Amino acid sequence: MKLTDDIESVKGVGPQLAVGLRQLGIRTVFDLLDYLPRRYEDYSDVSLIQNLRPGPITIRATVKQATGRYVRRGMHITEAVISDETGSLRVVWFNQPYRAKALKAGEAYYFSGQYELSHQRFQLMNPSAELVKDFPLNTARIIPVYRQSKTITTNQIRKLIGACIPLVSALPETLPSAMLLEHALLSRSEAIRAMHYPDSREQLMAARRRLGFEEVLELSLASLLNKQENAAETSLTIQFDEKLARDFVAQLPFKLTDDQRKVVWQIYQDMQRKSPMNRLVEGDVGSGKTVVAAMAALMAIKEGFQVAFMAPTELLAKQHAATLQSLMEPFGAAPLLLVGTMTTAQKKRAYEHITSGEAKFMVGTHALIQEKVDMHTLGLIIVDEQHRFGVEQRKALMAKAGHMPHVLSLTATPIPRSLALTLYGELDISVLAEKPAGRIAVATQLVSHTKRDALYAAIKSELDAGGQAFVVCPLITESDASEMMSAEHVYAELQQKQLVGDRIGLLHSKLKAEEKDRIMQQFVAHELDVLVATTVIEVGVDVPNANLMIIESAERFGLSQLHQLRGRVGRGSKAAHCYLLLSDSTRPPSKRLRAIASSTDGFRLAELDLEIRGPGAIYGALQHGALDLRVVQLTDTKLIAEARQAAKEFLESGETLLQYKELAARVKRLRAVTNLN
Ligand code: ADP
Ligand code: MG
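For clarity, every value in this text was computed on a predicted model and none was experimentally measured. (Residues numbered from 1 in each chain as written. Chains lettered and ligands numbered in written order. Predicted model: local features only at pLDDT ≥ 70, side-chain atom pairs only at ≥ 80, totals over all residues. Heavy atoms only, no water.)

Some words on the packing of aromatic side chains
Under the defined criterion, the tally for this structure stands at nine aromatic pairs. Taken together, a centroid distance of 5.6 Å and an interplanar angle of 75 degrees make the contact between F240 and W265 edge-to-face. Linking F240 in the loop between α7 (201-232) and α8 (242-250) with W265 in helix α9 (residues 258-272), this pair joins segments that are 25 residues apart in sequence. Taking relative accessible area as the criterion, F240 reaches 26% and is therefore assigned partly exposed. Among the residues examined, W265 registers a relative accessible area of 43% and is labelled partly exposed. With centroids separated by 5.5 Å and ring planes inclined at 50 degrees, the aromatic side chains of F248 and F331 adopt a geometry described as tilted. Within this pair, whereas F248 is found in helix α8, its partner F331 is found in the loop between α11 (314-328) and β11 (335-338), the two being separated by 83 residues in sequence. Using a relative accessible area of 0% as the deciding quantity, one classes F248 as buried. (Phe/Tyr/Trp six-rings, centres within 6.5 Å; stacked < 30°, edge-to-face > 60°. Helix = DSSP H or I, 4+ residues; strand = E, 2+ residues; numbered from the N terminus. Buried < 20%, exposed > 50% of the residue type's maximum accessible area, 1.4 Å probe, protein only.)

Focus on the packing of helix α18 (residues 559-566) against helix α19 (residues 591-598)
One can describe the packing of α18 onto α19 by two numbers: an axis separation of 10 Å at closest approach and a directional angle of 30 degrees. With respect to their mutual orientation, α18 and α19 come out roughly parallel. Note on packing geometry: the crossing formed by α18 with α19 is right-handed. Residues L559, L562, H563 and R566 of α18 pack against R592, L593 and I596 of α19. Across the contact of α18 with α19, the residue classes tally to four nonpolar, one polar and two charged. (Axes fitted to C-alpha atoms, helices over the stretch in contact; angles between N-to-C directions. Parallel < 35°, antiparallel > 145°, perpendicular 65-115°, else oblique. Left-handed = near helix turned anticlockwise from the far one by under 90°. Contact = heavy atoms within 4.5 Å. Nonpolar A, V, L, I, M, F, W, Y, C, P; charged D, E, K, R; others polar.)

Topic: the nonpolar core
Ranked by size, the top nonpolar core spans 39 residues in total, and within it F248, M328, F361, L380, I382 and L408 carry the most contacts. Listed by contribution, the elements that provide at least two residues to this core are α8, α9, α10 (289-302), β10 (306-310), α11, β12 (361-364), β13 (378-383) and β14 (406-411). Looking at this core element by element, the count peaks at eleven residues for α10. The contact partners of M328, leaving out residues within four places of it in the chain, are F248, A294, A297, L298, I301, A333, A334 and F361. In this structure, A18, L137, L171 and V631 belong to the second largest nonpolar core, which totals 36 residues. (Core = buried A, V, L, I, M, F, W, Y, C linked by side-chain atoms within 4.5 Å.)

Quick word on the side chain of S83
Among the structural elements, S83 can be located in strand β4 (residues 75-84). Contacts of S83, omitting those with residues within four sequence positions, involve I49, A61, T62, K64 and S88.

Let's talk about the sheet that holds β12
Taken together, seven strands build an open sheet; the order of strands is β11-β12-β10-β13-β14-β9-β15 and the sheet is parallel. Bordering the open sheet on either side are β11 and β15 (428-432), each of which pairs with just one other strand. Between one strand and the next, the sheet's axes are offset by a mean angle of 20 degrees, whatever the strand orientation. (Pairing = 2+ DSSP bridges.)

Brief notes about the pattern of salt bridges
On inspection of all chains with the given rule, the structure shows 33 salt bridges. R90 is the salt-bridge partner of E79, the closest N and O atoms lying 1.8 Å from each other. Pair noted here: E79 is in strand β4 and R90 is in strand β5 (residues 87-94), with a separation of eleven residues, a long-range link. The partner of E552 in a salt bridge is R452, and the shortest N-O contact between them spans 2.7 Å. Taken as a pair, E552 in the loop between β20 (546-551) and α18 and R452 in helix α15 (residues 452-464) lie far apart in primary sequence, 100 residues in all. On the basis of relative accessible area, E552 is assigned to the buried category, the value being 1%. (Salt bridge = Lys/Arg side-chain N within 4 Å of Asp/Glu carboxyl O.)

Examining the site of ligand 1
Not every one of the 15 residues close to ligand 1 is listed here, only the nearest: K255, G286, K289, T290 and R439. Residue K255 places a main-chain N or O atom 2.8 Å away from a nitrogen atom belonging to ligand 1. The backbone of S287 places a nitrogen or oxygen atom 3.4 Å from an oxygen atom of ligand 1. The residue makeup of the shell around ligand 1, split by class, is four nonpolar, six polar and five charged. (Near = heavy atom within 4 Å. Polar contact = N/O pair within 3.5 Å; in protein donor to acceptor, adjacent residues only side chain to side chain.)

Right, here's the structure in full:
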């Protein structure tokens, strides 16, 4: 067998099992070995029967007798009495009728399983059992637990990997040998073997260290190379005009927060340099990113350059254009809107103004990257909600400049520091942590679904007082899950029962982009009172008159997602409420729901989300699915620092990556994913 062989060449894998494995992403023997455990159960300590404590345990015992019987239809019980030199114990298996025959009296087995109280006595429930004289896969060791699917169990995967494990020695090394030595890292094959079959906790830790190190190293190399490339480019320098900045700030209807001041200052410094700015501004919803963008644009326009500000939806682009009109017009930099739904004649005029350089400040959607748009002297690009754009789209906008423009990216997704360091370690990041003064935190409550009617009454009185409300559902259409989870169902019910006569809109991702924009626009204009929606409303829309939100089946949403959703209300000066409906009121609310109810600090919640769900959650939000950090713990700042340092030293040493083909290929892919300009 070879690593590249199809999975069907593994003994015991037929066409049917192969289909299931492929669904898990396992196509070859290599993929199988690369399928790392999600977690482990430690059964490596073998206890004596007389010392047993409740919990996961392993004992080494012989079977006296085992009998099986049906207690009723569909319910089979196997009972056995097993013993070691210190005592004996009752073992029970449910619906595993083969057990009684399989267990040989007098033979020594390892039994690993849960020792627990059941029907007023302690017993060992559904343990795995393996002959001591065999190589144990499921007992008496640290047992890997794999992500399973509907058709494949973790036990099956364990068995298949057990059969292929000798092949790990054929895995080629990916890291320079000097690096392994210097950082005391296991070889790749040792590490993969130990991930599946660790001999000890120490060995497992060493394996995780090696693989985690490699993940961070790859990311760091990618961002360092991106940074090198960026620094080698020359851009147009934009001088800072202090009087202009002061005049602009003076006409604002509010005082800038200290964070806003600081970030604007950083941007001005970046733009004065010869190398292009590549800065990401992270600011929670409502932290005031737009005015920061405006101040960046102001300086670039004063210098005679054009500025393009791209937003992910028409609605957002229009909203920006309207806000920026009043801010920028007094400085001769009124925005020109360019969106897809404009008429051909309107677009044609816009193109002419852009090409002639008459238009200084273009605000729009993807329409800005259409072929017909020919910029005059594009000096600065601003991308709002940057994660909503693909690499290609950002590149297309930059290509309009004909040279390297300054790039300012904005995001409302708070990225915890540890993650930002690994992801964008070499990028310039600014954070708007502070909220503008006078904001009232959105009061958030967890409510049982049985109280739904009371909440609908709350909507009713909110509408009567002239307000608006959101109802968010996890699904579009009814499924076998509860019907209240579906936006279509809730929409129909509100129309027919609780809110007869009120103007209700339905918004979800299956609608066409123009349709979505139209509905959102109606809600903004208060032509709709209630918007029933799925998570599509997450992105930065401002409806200051909407101060009530109900989120159906809140358990189904991630923490960061709930926070983003909640950010849609409380954008005016009035107190706002967010009700999280729990569809299962028998269980206490989860840690993440309690967290969201008690905090409105986006960064704190993101850190928590990272702890609870791991980096996948945040990558999901950032659409960085292409990046999978499977091993490294982002809380392991020591390892991260060490690997980042190793990446720097590797590049400084003058060694070339090309020598390490697999590493080079991965770094290349990551460069595309993590590059912001
Ligand atoms: P986001 O960061 O979510 O894009 P916006 O830029 O849309 O936030 O700002 C949200 C609201 O806060 C806007 O109405 C804006 O005018 C207002 N705002 C911005 N900065 C301040 C400030 N320093 N003080 C008071 N209000 C501010
Ligand atoms: Mg915004």
